[in-house]
Amino acid sequence: MAPGVRLIQKVSSTRAFAKIAPHFIPAMDRTVHRLTRGKVLLSAQMLPGVILTARGAKSGLPRVTPLACMPSGDGWILIGSNFGREGHPSWTANLLKHPEAEVNWKGQDIPVAARLLEGEEREAVWGEALTFWPPYATYQSRVTREIRLFRLTRR
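Residues numbered from 1 in each chain as written. Predicted model: local features only at pLDDT ≥ 70, side-chain atom pairs only at ≥ 80, totals over all residues. Heavy atoms only, no water.

### Notes on the packing of aromatic side chains
And then number 1: Scanning all chains against the criterion turns up 4 aromatic pairs.
And then number 2: Relative to phenylalanine 150, the ring of tryptophan 91 has its centre 5.9 Å away and its plane inclined at 55 degrees; by these criteria the two rings are tilted. One end of the pair, tryptophan 91, is in helix H3 (residues 90–97); the other, phenylalanine 150, is in strand S7 (residues 148–154), and 59 residues separate them in sequence.
And then number 3: The structure contains a cluster of three or more aromatic residues connected by ring pairs, namely Trp126, Tyr136 and Tyr139. (Phe/Tyr/Trp six-rings, centres within 6.5 Å; stacked < 30°, edge-to-face > 60°. Helix = DSSP H or I, 4+ residues; strand = E, 2+ residues; numbered from the N terminus.)

Here it is, written out as structure tokens:
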């Protein structure tokens, strides 16, 4: 692993990062993604990423959220870590209520169906996620909730 990646992982595991990142990373990603017409997602330079569009759990309105993802076969795994902060991220509630969504992956809009992973399947994928991005272990250690994992498959 490159030294730069280790440094990024170390920084992203800090509580300061968890406080600051949710306020600037998504906004930065949305802006750059819009300006480049879906060709660039800045945070994807560190981890693969998608732009998730899902209907709001309460409002039913489209909610656009840039997210890191773990490619898996012909789909993706989304990890509701919320940077190791308490509370599930709102996009997870949106997918629970409205599992049919859309992702923008490398500039292409793809209809997807989301499924919350549970039990043995979740444990197996969680192990893969920890290998993929070790800071997820730190995020989980900070919270009492179980971090939600979703499998997205193309519709």
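### Quick notes on unusual backbone geometry
And then number 1: Its identity is not glycine, yet asparagine 82 carries a phi of approximately 55 degrees, on the positive side.
And then number 2: In this fold, asparagine 82 is placed in the loop between strand S4 (75–80) and H3.
And then number 3: Residue phenylalanine 83 is not a glycine yet carries a positive backbone phi of 60 degrees.
And then number 4: Locating phenylalanine 83 in the fold gives a position in the loop between S4 and H3.

### Some thoughts on the nonpolar core
And then number 1: Counting 17 residues, the largest nonpolar core has Leu52, Trp76, Leu78, Leu95, Val103 and Leu152 as the members making the most contacts within it.
And then number 2: Listing elements by their share of this core, those giving two or more residues are strand S1 (49–55), S4, H3, strand S5 (100–105), strand S6 (108–116) and S7.
And then number 3: One finds Leu47, Val125, Trp126 and Tyr136 within the second-largest nonpolar core, a separate group that totals 13 residues. (Core = buried A, V, L, I, M, F, W, Y, C linked by side-chain atoms within 4.5 Å. Buried < 20%, exposed > 50% of the residue type's maximum accessible area, 1.4 Å probe, protein only.)

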